[in-house]
Amino acid sequence: MFGWFGLVVLFMTIPAREPYVFADIRPTLAILDTQNYLRQHDSVPEVYASDIAGVLLSEGDIRNGISAVSARINQDVRSLSKSAGVVLVTVLHGAMVFSSDLMRRLHFPFQTDSVAVSSYEGTESTGSYQVKKEIGYSILGKDVIVVEDIVDTGGTLDFLIRHINAKNPASLRTVALLDKIDRRKPQFAHIKADYTGFVIPDAFVIGYGLDYVGHYRGLPFVAVKKK
Ligand code: 5GP
């Protein structure tokens, strides 16, 4: 009898799983703005130099972030008592570079899939979201990990969580390389990825998969775009 009581008390004292954030680098923007700072160890291709205000995350920073985030995911997925299979869903196109580096650090079997969402901002403050490319595999009863490039207002991730949960996976985890938490719309204040690489300042960033009208995805670092 006491055993059950003890177990209940134990569960009540275990804190809810906090979203994991590798690093908050918001203060860095001041340096970028005032000194047009480029990290010494990054080689900015000459052709792009005039479009870049500063390098926010070097290749090394990104590598460290991915190491930390993947270690957490590996640990959490190992602790699943049993799984009917894990499906890694990459959100196109922004997360494709991040996802391809992340998946090579995951130490469990998984299938890969992708989804594409477009958002339309009308005169209303709420965006309206549409699936442009649907997930191909059945994720019913599977453990799904969604890989996003960046969470900004929070609308896309909120939409994706609802969209994927409607397909009845066994579990859903979300990973984002970047989070511009200061930009979150009030109605999405509760939206956070379960695993975040870096919380970054409110600036438009490019590189490492992130684009500006289709350009810059191939840059190996994350940079603030010059206005
Ligand atoms: P949200 O729905 O959270 O406002 O925006 C999510 C999407 O907007 C991201 O998946 C990304 O495609 C785009 N986005 C938001 N902020 C940035 C940014 O700073 N740079 C780029 N390239 N895309 C961004």
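All of the points below concern the structure found in this document.

Conventions and cut-offs
Residues numbered from 1 in each chain as written. Predicted model: local features only at pLDDT ≥ 70, side-chain atom pairs only at ≥ 80, totals over all residues. Heavy atoms only, no water. Helix = DSSP H or I, 4+ residues; strand = E, 2+ residues; numbered from the N terminus. Buried < 20%, exposed > 50% of the residue type's maximum accessible area, 1.4 Å probe, protein only. Contact = heavy atoms within 4.5 Å. Areas by Shrake-Rupley, 256 points an atom, 1.4 Å probe, with all protein chains shown as cover. Patch = residues over 30% accessible without salt bridge, like charges linked within 9 Å, V, L, I, M, F, W, Y side chains within 5 Å. Salt bridge = Lys/Arg side-chain N within 4 Å of Asp/Glu carboxyl O. Core = buried A, V, L, I, M, F, W, Y, C linked by side-chain atoms within 4.5 Å. Pairing = 2+ DSSP bridges. Near = heavy atom within 4 Å. Polar contact = N/O pair within 3.5 Å; in protein donor to acceptor, adjacent residues only side chain to side chain. Nonpolar A, V, L, I, M, F, W, Y, C, P; charged D, E, K, R; others polar.

**Details of the overall build of the chain**
Part 1: When helices and strands are tallied, the chain shows six helices and 10 strands.
Part 2: Buried residues in the chain amount to 47% of all 227 residues.
Part 3: Expressed as a percentage of contacts within the chain between residues at least 6 apart in sequence, the contacts between residues at least 24 apart total 66%.
Part 4: In the structure as shown, the chain presents an accessible area of about 12,200 Å², 56% of it carried by carbon and sulfur atoms.

**Digging into a nonpolar patch on the surface**
Part 1: Residues Phe204, Tyr212 and Val213 make up a contiguous nonpolar surface patch of about 320 Å² in total accessible area.
Part 2: Position of Phe204 relative to the elements: it lies in the loop between β8 (195-199) and β9 (205-206).
Part 3: By relative accessible area, Phe204 is classed as partly exposed at 42%.

**Considerations on the nonpolar core**
Part 1: Ranked by size, the top nonpolar core spans 34 residues in total, and within it Ile73 and Leu178 carry the most contacts.
Part 2: For this core, the element with the highest residue contribution is helix α4 (residues 59-78), accounting for six residues.
Part 3: With near-sequence residues (within four places) excluded, Leu178 lies in contact with Leu57, Asp149, Ile150, Val151, Thr196, Phe198, Ile200, Val205, Leu210 and Val222.
Part 4: Counting 14 residues, the second largest nonpolar core, distinct from the first, contains Val87, Val117, Ile135 and Val144.

**Brief notes about the sheet that holds β9**
Part 1: In space, the three strands of this open sheet follow the order β2-β10-β9, with antiparallel pairing throughout. Strand pairing shows two members of the sheet lacking a second neighbour, β2 (52-57) and β9, which therefore form its edges.
Part 2: The sheet contact formed by β2 and strand β10 (residues 222-225) spans four bridges and is antiparallel. If you follow Val55 over to β10, its bridge partner there is Ala223.

**Details of the environment of Val115**
Part 1: Here Val115 lies in strand β4 (residues 111-121).
Part 2: With 16 residues separating them along the chain, Val115 and Val131 place their C-alpha atoms 7.4 Å apart.
Part 3: Those residues in contact with Val115 that lie beyond four places of it in its chain are Val89, Thr90, Val91, Leu92, Val131, Lys133, Ile135 and Leu160.

**Points about the site of the ligand**
Part 1: Taken together, 16 residues surround the ligand, and among them Thr153, Thr156, Lys180, Val205 and Asp211 come closest.
Part 2: With respect to the ligand, the side chain of Thr153 contributes an N or O atom lying 2.5 Å from an oxygen atom.
Part 3: With respect to the ligand, the side chain of Lys180 contributes an N or O atom lying 2.7 Å from an oxygen atom.
Part 4: Its free accessible area being 510 Å², the ligand has 82% of it covered by the protein chains.
Part 5: Sorting the residues of the shell around the ligand by element identifies β6 (143-151) and α6 (155-165) as the ones contributing at least two each.
Part 6: With four residues, β6 is the largest single contributor of residues to the shell around the ligand.
Part 7: Looking at the shell around the ligand, its residues break down into seven nonpolar, four polar and five charged.

Nothing here speaks to function; it is geometry throughout.
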